Amino acid sequence: MFLAVVTLMFIPESEQWHQAKPKQMGLQESIFSAPYKKRLIAGSLVFGSVLIGLWAIFSWFPTWIQSLLGAGVDGQQERGLSMMLLGLGGITGGFFSGFLIKKLGSRHTLMFTFAGCFLACCLLFLTNVRFTPIIYFETALLSLFFGISQGALSSYIPELFPINIRATATGFCFNIGRFFTATAVFFVGSLVSFFGGFGNALLFFSITFLVALLVAFNDRAPKSVPSSSLK
């Protein structure tokens, strides 16, 4: 509540919002109307795909680490440090995401980080059959891409929609993605035996980053689509 009040008092609305507001007074426009359906699907696919890959890895990463250590090894230190690196790398990536977005734009930043996430997963889950300190470095690299992607998503998805429906449409994309994630990550355990190990199962889930990359790549239309009322 305090932050909301401070934001309202000291962070002004954009000039674009002020210009659009008078034209949108009394306008009730659905996020499911024809001009926005494709962008709603695109936003949901991008966010949902990334979230599935991210949470599958976060949820099962300690178990994968333990599987590399072998029987009889406690592994508490290795698992704890690896998870700490996942968190710290994510925070660092989120910090630098703003600079990359300003330089490359949110779409190109996302494409870069999705490719980075997938390649980092390949490096991590394909090249390690036992635990070595190099895993710490590779974990930090992966989480750095994770963090950048989360920062870029917060910019990219709102840009898909005009101001008058932006908050509602963004909320829909974020929450429908969480709905699918809540069910998808539970399949990791059942896929372990099918793929022959936790590493292979997690590598399978990293394909979701390629799905998000392809969706973002195909979205070449200009952002901030004007409302039908502003045409």
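Draft legend 1. Just the packing of helix α5 (residues 106-126) against helix α9 (residues 198-205), in detail. Where α5 meets α9, the axes come as close as 9 Å, and the angle between the chain directions of the two elements is 170 degrees. Compared by their axis directions, α5 and α9 come out roughly antiparallel. The residues of α9 that touch α5, namely those facing C121, C122, F125 and L126, are G199, L202 and L203. Here the contact of α5 with α9 is built from residues that sort into six nonpolar, one polar and no charged.

Draft legend 2. Geometry of the packing of aromatic side chains. Scanning all chains against the criterion turns up 17 aromatic pairs. With a centroid separation of 5.8 Å and an interplanar angle of 55 degrees, the aromatic rings of W55 and F58 are classed as tilted. Here F58 and W55 lie together in helix α3 (residues 37-69), a separation of three residues that amounts to about one turn. Judged by relative accessible area, W55 falls into the partly exposed class, the value being 42%.

Draft legend 3. Examining helix α4 (residues 76-104) more closely. Helix length check: α4 (29 residues) gives 40 Å between terminal C-alpha atoms against 42 Å at 1.5 Å per residue, within 8%. A bend of about 35 degrees at F96 is the largest found in α4. Next to the buried residues of α4 lie α3, α5 and α6 (134-159). Two residues or fewer after α4 comes G105, characterised by a positive phi angle close to 90 degrees.

Draft legend 4. Highlighting the packing of α4 against α6. Axis separation between α4 and α6 bottoms out at 6 Å; the angle between their running directions is 40 degrees. By the angle between their axes, α4 is oblique relative to α6. The way α4 lies across α6 gives a crossing that is right-handed. Residues of the contact of α4 with α6, tallied by class, amount to ten nonpolar, twelve polar and one charged.

Draft legend 5. Spatial organisation of the side chain of S106. Here S106 lies in helix α5. Its relative accessible area of 5% is what places S106 among the buried residues. The contacts of S106, once residues within four sequence positions are left out, are I101, A152, S155, Y156 and E159.

Draft legend 6. Fine view of the nonpolar core. Grouped together as the largest cluster of nonpolar side chains are 59 residues, with contacts concentrated most on I57, W64 and F125. If you list the elements that add at least two residues to this core, you get α3, α4, α5, α6, α7 (166-184), α8 (187-195), α9 and α10 (207-218). Counting residues per element, this core draws most heavily on α3, at 15 residues. Excluding residues within four positions of it along the chain, F125 makes contact with I57, F61, W64, G199, L202 and L203.

Draft legend 7. Geometry of the confidence of the model for the chain. The predicted model of the chain has a mean per-residue pLDDT of 83, with 80% of residues at 70 or higher. Across the chain, the element-wise mean pLDDT spans from 54 in helix α2 (residues 15-24) up to 95 in α5. For residues 224-231, every residue scores under 50 in pLDDT, and the model assigns this stretch 25 contacts once sequence neighbours within four places are set aside.

Draft legend 8. Local environment of α3. Here α3 contains 33 residues, and its C-alpha end-to-end distance of 48 Å stays within 8% of the 48 Å for a straight helix at 1.5 Å per residue. Along its length, α3 shows its largest kink, about 50 degrees, at W60, and proline P62 lies within four residues downstream of that point.

The rules we used
- Position numbers for residues start from 1 in each chain and track the written sequence from start to end.
- With the structure being a predicted model, the display of local features is reserved for residues of pLDDT at least 70 and the display and counting of side-chain atom pairs for 80 or more, all residues being used for whole-chain, interface and lining totals.
- Heavy atoms from the whole structure form the basis of all side-chain values; hydrogens and water molecules are not counted.
- To get an axis, fit a line to the C-alpha atoms, keeping to the stretch in contact for a helix; angles then go from 0 to 180 degrees between the N-to-C directions.
- By definition, any uninterrupted DSSP run of H or I lasting at least four residues is a helix, any uninterrupted run of E lasting at least two residues is a strand, and each is numbered from the N terminus.
- Should an angle fall under 35 degrees it is taken as roughly parallel, and over 145 as roughly antiparallel, whereas 65 to 115 is taken as roughly perpendicular and any remaining angle as oblique.
- Contacts between residues were defined by any pair of non-hydrogen atoms, one from each residue, lying within 4.5 Å.
- Gly is placed with the polar residues, together with every amino acid not listed as nonpolar (Ala, Val, Leu, Ile, Met, Phe, Trp, Tyr, Cys and Pro) or charged (Asp, Glu, Lys and Arg).
- Put simply, two rings from Phe, Tyr or Trp (the six-membered ring, in Trp's case) pair if the centres are within 6.5 Å, and we call them stacked under 30 degrees between planes, edge-to-face over 60, tilted for the rest.
- Whether a residue is buried, partly exposed or exposed follows from its accessible area with a 1.4 Å probe, protein chains only, as a fraction of its type maximum: under 20%, in between, or over 50%, in that order.
- Each residue after the first adds 1.5 Å to the expected span of a helix.
- Note that the bend at a residue is defined as the angle between axes fitted to the seven residues ending at it and the seven residues starting at it.
- The crossing is said to be left-handed when, going from far helix to near helix, the turn is anticlockwise and less than a right angle, and right-handed when the turn is clockwise.
- Among buried residues, the Ala, Val, Leu, Ile, Met, Phe, Trp, Tyr and Cys ones that are joined through side-chain atoms within 4.5 Å form a nonpolar core.
- pLDDT measures how confident the predictor is about each residue, on a scale from 0 to 100.

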